[in-house]
Amino acid sequence: MGRFKPIRQFRVSEAVLSQLKDSILLGKFKSGEKLPSERELTEEFQVSRGVIREAIRALEITGFVRLRQGPTGGAFVTDLSFDHVGNAFLDLFMANKVSIPELANVRYYIEPEVARLAALNATIEDKNRLIEAQKAEFLSVTTTAARITQFQRVHHVIAEACQNHFYEAISNSMLRLTFEVVEAVDPDHEALHMPGEHKHIIDAVISANAKAAQAAMQIHMEKFCENLLEMETAYRQKTLMADKRAKLRRRKYV
Ligand SMILES: [Zn+2]
């Protein structure tokens, strides 16, 4: 008993999972939409509730849906484009398959190009968001996580404004890994990143000066990535605890 998985049941739930995944990927269920209820799916697929539950659980684990409890709850489709790339990189990073020097190197080369594109493509709305994000850097916050979020906002807006979804996904993933490292190490924040440090980048993006935006981001990355590299040893020591890894993997990021 308990040595083997019941094959038939397993295959049925895999088949259900595959169909549900396909309908999400084909856009039949869009980001934020709720999947049909457990009862409806049971009837449509003509399988047991257990099979449906197993498939939904697998969708949740792989980041396709988020479950919400309560009378208006259910399985809600997540925004696939970024969650997936981010989760994959995060897993590789946690498994020590991506290092901090590699992360710093990618940010160093990609972010100036992202800033250049943002200067060419930013909308009025993006520009207003940049101004807001810059103002928010000066607000006082109490937690390390809130402080990192505060400084990353400008980078997220620039990534979105660059109008290239690959760059946006890569930038957001790198920001997420950076969040992990900085939060775990909790360094002297004043030395790491000062409020207003993005000013030249923001000014250049707002005035649509692509060259200046690229140069300003390059200077910012030179300093920041150097600090990031210095955190490597401290980070690896602090994340030795296995339970911490599990906790971090589950947490949601902004
Ligand atoms: Zn920054």
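Residues numbered from 1 in each chain as written. Predicted model: local features only at pLDDT ≥ 70, side-chain atom pairs only at ≥ 80, totals over all residues. Heavy atoms only, no water.

Help me out: how do you make sense of the overall build of the protein chain in this one?
Looking only at helices and strands, the protein chain features 13 helices and two strands. Out of the 254 residues belonging to the protein chain, those deemed buried represent 41%. Nonlocal contacts in the protein chain, meaning residues at least 24 apart in sequence, comprise 75% of its contacts between residues at least 6 apart. With the model as given, the accessible surface of the protein chain reaches about 14,500 Å², and the carbon-plus-sulfur share is 55%. (Helix = DSSP H or I, 4+ residues; strand = E, 2+ residues; numbered from the N terminus. Buried < 20%, exposed > 50% of the residue type's maximum accessible area, 1.4 Å probe, protein only. Contact = heavy atoms within 4.5 Å. Areas by Shrake-Rupley, 256 points an atom, 1.4 Å probe, with all protein chains shown as cover.)

Please explain the coordination of the zinc ion as it appears in this structure.
The expected angle between donors at a tetrahedral four-coordinate metal is 109.5 degrees. At an octahedral six-coordinate metal it is 90 or 180 degrees. Protein coordination of the zinc ion is provided by His155 (NE2), His193 (NE2), His198 (NE2) and His220 (NE2), with donor distances spanning 2.0 to 2.2 Å. For the zinc ion, the four donor atoms are set out with angles of 91 to 155 degrees between them, so the coordination reads as irregular. All donors of the zinc ion belong to a single chain; written as a sequence motif, their spacing is H-x37-H-x4-H-x21-H. Of this pair, histidine 155 sits in helix H7 (residues 144–161) while histidine 193 sits in the loop between helix H9 (189–192) and helix H10 (199–206), and the two are 38 residues apart along the sequence. Residue classification places histidine 193 among the buried residues on the basis of a relative accessible area of 5%. (Donors = N, O, S within 2.8 Å, 3.2 Å for Na, K, Ca; no water. Tetrahedral: all angles 85-135°; square planar, octahedral: opposite > 155°, others 65-115°.)

I'm lost on the side chain of asparagine 172 in this one. Help?
Considering the arrangement of structural elements, one finds asparagine 172 in helix H8 (residues 165–185). Here asparagine 172 falls in the buried class, since its relative accessible area comes to 15%. Within the structure, asparagine 172 has its side chain in polar contact with the side chain of histidine 156 (distance 2.5 Å). (Polar contact = N/O pair within 3.5 Å; in protein donor to acceptor, adjacent residues only side chain to side chain.)

Could you clarify how one ought to interpret the confidence of the model for the protein chain in this entry?
Caution applies to low-pLDDT parts of the model: their predicted coordinates are not meant to be read in detail. Mean pLDDT for the protein chain: 86, with 89% of residues reaching 70 or above. Mean pLDDT across the elements of the protein chain bottoms out in helix H13 (residues 242–250) (54) and peaks in H10 (97). (pLDDT = per-residue confidence, 0-100.)

In this structure, what is going on with unusual backbone geometry? I would like to understand it.
It is generally the case that most residues other than glycine have a negative phi and that most peptide bonds are trans. Phi at glutamine 163 takes a positive value of approximately 65 degrees, unusual for a residue other than glycine. Structurally, glutamine 163 can be placed in the loop between H7 and H8. Although it is not a glycine, aspartate 186 adopts a positive phi angle of roughly 50 degrees. Turning to its location among the elements, aspartate 186 is positioned in the loop between H8 and H9. Aspartate 186 sits in the partly exposed class, given a relative accessible area of 41%.

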